[in-house]
Amino acid sequence: TNVALLFSVYPEVIDRLSELVIMGGAYQGLGNTGPTAEFNIQCDPEAAHIVFEAGLKSLVMVPLEVTHTVLVTPEIRKSFKGSRFRLLLDELMHFFEESYKKVFGFEHPPLHDPVAVLYVMCPFLFSTKRMRVDIDCGQLCAGTTVCDHYGMSGKEPNVTVCTEVDVQEFWRFMVLAVGMADDKSPINNK
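These figures come from a predicted structure and were not determined experimentally.

A. Region of interest: the nonpolar core. In terms of nonpolar packing, the biggest core is built from 27 residues, with Val62, Phe126, Phe170 and Trp171 touching the most fellow members. With residues near it in sequence (within four places) discarded, Trp171 still touches Val70, Leu71, Val72, Ile76, Phe80, Met93 and Leu111.

Below, the structure written as structure tokens:
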């Protein structure tokens, strides 16, 4: 929503961006807040449409199919024990655990937004595919990212869609980042 507003009010910003990376959408059509829509896109599909149609030099979508492979397993949870900061992160990572079990049948909860951050830092840890992605702003499937895997629309590809991440490397970076943040966190001093 904020990026769409920025592009609408200051369109000159679009040419100044070398890349925009978002966590959102689903490239295989299975949503998490609707049958085919992912939460971030479904919240404001019109804004997503503006961003996806802006003509950015590079728009990268890190979809649910990728974030759903980055699971907070019991082994990973061991890395988040100890300080108050680590315990807080552990609680936050498990906020939706019951929903993911009940609704989606996940044994362990996935982590979403940090996966997009890793793409910004280490794009080489991802497999990607260029494709056309349109946003459905209609009634039935509002917020769906309609991904043209095979170029059938005849439209130019406008998004680099992540299709896979090196999960082991993600957690290696995440544990390192948490360790560095833990050393500086003021909540550990209380």
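Having seen it, we continue.
B. Representation of the packing of helix 1 (residues 2-9) against helix 4 (residues 45-52). Helix 4 packs onto helix 1 with a crossing angle of 55° between their chain directions and a minimal axis gap of 8 Å. Compared by their axis directions, helix 1 and helix 4 come out oblique. Crossing hand, helix 1 versus helix 4: left-handed. Taken together, the residues of helix 4 that come into contact with helix 1 (itself represented by Val3, Ala4, Phe7 and Ser8) are Ala47, Ile50 and Val51. Each residue belonging to the contact of helix 1 with helix 4 can be placed in one class, and the counts come to six nonpolar, one polar and no charged.

C. Quick peek at a nonpolar patch on the surface. A grouping of Leu5, Leu6, Val9 and Tyr10 is seen on the molecular surface, where their side chains present a nonpolar patch of about 380 Å² in accessible area. Summarising the element assignment, Leu6 is placed in helix 1.

D. Region of interest: the packing of aromatic side chains. Counted under the stated rule, the structure contains seven aromatic pairs. Seen from their ring centres, Tyr100 and Phe106 are 5.2 Å apart, and the 65° between their planes marks the pair as edge-to-face. Judged by relative accessible area, Tyr100 falls into the buried class, the value being 7%. In this structure Phe106 comes out as buried when scored by relative accessible area, which is 18%. The rings of Phe80, Phe170 and Trp171 are connected pair by pair, giving a single aromatic cluster.

Definitions and limits used
Residues numbered from 1 in each chain as written. Predicted model: local features only at pLDDT ≥ 70, side-chain atom pairs only at ≥ 80, totals over all residues. Heavy atoms only, no water. Core = buried A, V, L, I, M, F, W, Y, C linked by side-chain atoms within 4.5 Å. Buried < 20%, exposed > 50% of the residue type's maximum accessible area, 1.4 Å probe, protein only. Contact = heavy atoms within 4.5 Å. Axes fitted to C-alpha atoms, helices over the stretch in contact; angles between N-to-C directions. Helix = DSSP H or I, 4+ residues; strand = E, 2+ residues; numbered from the N terminus. Parallel < 35°, antiparallel > 145°, perpendicular 65-115°, else oblique. Left-handed = near helix turned anticlockwise from the far one by under 90°. Nonpolar A, V, L, I, M, F, W, Y, C, P; charged D, E, K, R; others polar. Patch = residues over 30% accessible without salt bridge, like charges linked within 9 Å, V, L, I, M, F, W, Y side chains within 5 Å. Areas by Shrake-Rupley, 256 points an atom, 1.4 Å probe, with all protein chains shown as cover. Salt bridge = Lys/Arg side-chain N within 4 Å of Asp/Glu carboxyl O. Phe/Tyr/Trp six-rings, centres within 6.5 Å; stacked < 30°, edge-to-face > 60°.

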